[in-house]
Amino acid sequence: MSKKPLLRVGLIGTGFMGKAHVFGFASAQKVFDLPYRLEMHTVADITEEAAARAAGDFGFAHASADWRTLVSNPEIDIIDITAPNALHKEMALAAIAAGKHVYCEKPLAPLSADAREMALAAEAKGVKTQVGFNYLCNPMLRLAREMIAAGELGEIHGYRGLHAEDYMADASCPFTFRHDPAGGGALADIGSHALATAEFLLGPISEVMGDCITMISERPDGRGGTRKVEVDDVGRAFVRFANGAQGSIEGNWIATGRKMQHDFEVYGTKGALAFTQERFNELHFYSNADPAGRRGFRRIEAAPDHPPYGHFCVAPGHQLGFNDLKAIEIEGYMRAIAGEIPEPFGFAAGSRIQQLVETIQRSSSTRQWMSVLA
């Protein structure tokens, strides 16, 4: 048996998402037959001490306080970016120019024009890219899309999508990079997941009517003062899909009590689906074909019948976790790098989501319906 080729990973950023990516790489190698062997080569953080600590904790062979050393290192094949949003463009473009494959957390860039530039650069260079929309890797979402495409719900009339959390609900929470006017706000930060899910299930959104609201107008600046907040705490939109369906999308980071309400509801002429990320191993299905007196939403529980669940557990009801979705995302990305499949959610797809976000924001300012370019 021939030995699989080796890919070396360089990680930039060691926060929550950096750790999730490391877990994903580790799990993916154990549960999937990947086309490559993976080596966690170098991790970069803001100081030498932080980088060295992360290298020890995460199993990297090397550490650096300068992300540019990862980009210029010929031994590294993949640059994995989990740094703050505003740094994504510079890092990704440098990595692309060096011929590296790039795995970047969302949002791809603060502005749609930046995201498009990154996507075009990757296409021109011929490198493979991935944006971190790992909720789409859930077997239950794949099942929902299959059921919709197969006509089990009939003609789709209505859609509701929501991503709500409460990590900004407290007005005493300080101003962060997420509040930066360039690309910040609840719609861009978490509403982008709701938008990605909507298009994953029903295809392209063609028109939007946005309403973006700032409820907490200033926050502590960390230096004893306050700083004005100009981005939305809640971003909503009525949406029209190219297939004729209509609905609504919301991103909300001041939803008190909500920790991970990434939900959707799909209504068709024959049935309906309902899903919540807070119980993301379940999909609820209503069918008009059920006899009168027996109708109601029934639970479909994740099981080995829903690939790739069976790679993680041989029995239903034992459930996948968030980091397992990262492993599934990474498995798809490795197969894309190997040329086995198209990019599951590359920079072009990430650019599309940022385009949707900005169109909704412009619509909110003009109070008019706006078309979304294909």
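You'll find the structure just up there.
The rules behind the values
- The residue numbering used here restarts from 1 in each chain and proceeds along that chain's sequence as written.
- Local features in this predicted model are restricted to residues of pLDDT 70 or higher, and side-chain atom pairs are both shown and tallied only at a pLDDT of 80 or more, whereas totals for entire chains, interfaces and linings draw on every residue.
- Where side-chain values are given, they derive from all heavy atoms of the structure, hydrogens and water being excluded.
- Put simply, a salt bridge is a Lys or Arg side-chain nitrogen that is within 4 Å of an Asp or Glu carboxyl oxygen.
- Think of it this way: any DSSP run of H or I at least four residues long counts as a helix, any run of E at least two long counts as a strand, and we number them from the N terminus.
- Throughout this description, buried means an accessible area under 20% of the type-specific maximum (1.4 Å probe, protein chains only), exposed means over 50%, and partly exposed covers the range between.
- We call two strands paired when DSSP finds no fewer than two bridges between them.
- Contacts are assigned to residue pairs with any non-hydrogen atoms lying within 4.5 Å of each other.
- In this analysis, axes come from line fits to C-alpha atoms, helices being fitted only over the stretch in contact, and the angle between any two N-to-C directions falls in the range 0 to 180 degrees.
- Whether two aromatic rings pair depends on their centres lying within 6.5 Å, for rings of Phe, Tyr and Trp, where Trp uses its six-membered ring; planes under 30 degrees apart make the pair stacked, over 60 edge-to-face, and the rest tilted.
- Counting as a charge over the ring demands two things of the Lys NZ or Arg CZ atom: a distance within 6 Å of the ring centre and an angle within 35 degrees of the ring normal.
- To define a nonpolar core, start from buried Ala, Val, Leu, Ile, Met, Phe, Trp, Tyr and Cys residues and group those joined through side-chain atoms within 4.5 Å.

Okay, the pattern of salt bridges next. Where charged atoms from two side chains of opposite charge come close, those side chains can pair. Per the counting criterion, the structure on display carries 24 salt bridges. In this structure, the salt-bridge partner of R68 is E90, at a minimum N-O distance of 3.2 Å. Here R68 is found in helix 3 (residues 68-72), whereas its partner E90 is found in helix 4 (residues 88-97), with 22 residues between them in sequence. Classification of R68 as partly exposed rests on a relative accessible area of 44%. Of the charged contacts, one joins R335 and E340 as a salt bridge, the two residues approaching to 2.9 Å between their closest N and O atoms.

The next thing to look at is the sheet that holds strand 8 (residues 205-213). Ordered in space as 16-15-14-13-7-12-11-8-17, the nine strands form an open sheet in which the pairing is mixed. Each edge of the open sheet carries a strand with a single partner, namely strand 16 (298-301) and strand 17 (370-371). Here strand 15 (residues 282-287) pairs with strand 16 via four bridges, running antiparallel. Each residue of the ladder has a partner; that of E282, found in strand 16, is E301. Running at roughly 150° to strand 7 (residues 156-164), helix 7 (residues 186-202) makes contact with strand 7, strand 8, strand 11 (234-241), strand 12 (246-252) and strand 13 (261-268) of the sheet. Against the sheet, helix 10 (residues 347-366) contacts strand 8, strand 11 and strand 17, and its axis sits at roughly 60° relative to strand 8.

With that settled, the discussion passes to the packing of aromatic side chains. According to the stated counting rule, one finds 11 aromatic pairs in the structure shown. On the numbers, 4.8 Å between centres and 45° between planes, the contact of F133 with F345 is tilted. With a gap of 212 residues between them, F133 in the loop between strand 6 (129-132) and helix 6 (139-149) and F345 in the loop between helix 9 (322-337) and helix 10 connect regions that are remote in the sequence. Classification of F345 as buried rests on a relative accessible area of 13%. By the ring-pair criterion, three or more aromatic residues cluster together here, those being Y159, F241, F264 and F275. In this structure, R145 is placed above the aromatic ring of F200, and the distance from its NZ or CZ to the ring centre is 3.8 Å. Across from the ring centre of W369, 3.8 Å away, lies the NZ or CZ of R240, which sits over that ring.

Here we take up the environment of L108. Among the structural elements, L108 can be located in the loop between strand 5 (101-105) and helix 5 (112-125). Along the chain, L108 and F347 lie 239 residues apart, while their C-alpha atoms are 7.2 Å from each other. In contact with L108, not counting residues within four places along its chain, are H88, A115, M118, V131, F347, G350 and S351.

Of all hydrophobic cores here, the largest spans 97 residues; its most connected members are V266, L283, M334 and F347. When residues of this core are assigned to their parent elements, the largest contribution, nine residues, is made by helix 7.

The next subject is unusual backbone geometry. Note the cis peptide between K106 and P107, where omega equals -5°. Structurally, the position occupied by P107 is in the loop between strand 5 and helix 5. Backbone torsion omega between P307 and P308 reads 0°, so that peptide bond is classified as cis. Tracing the backbone shows P308 in the loop between strand 16 and helix 8 (309-312). Of note, Q319 is a non-glycine position whose phi angle comes to about 80°, a positive value. Mapped onto the fold, Q319 is located in the loop between helix 8 and helix 9.

Purely geometric stuff here, so don't read any function into it on its own.
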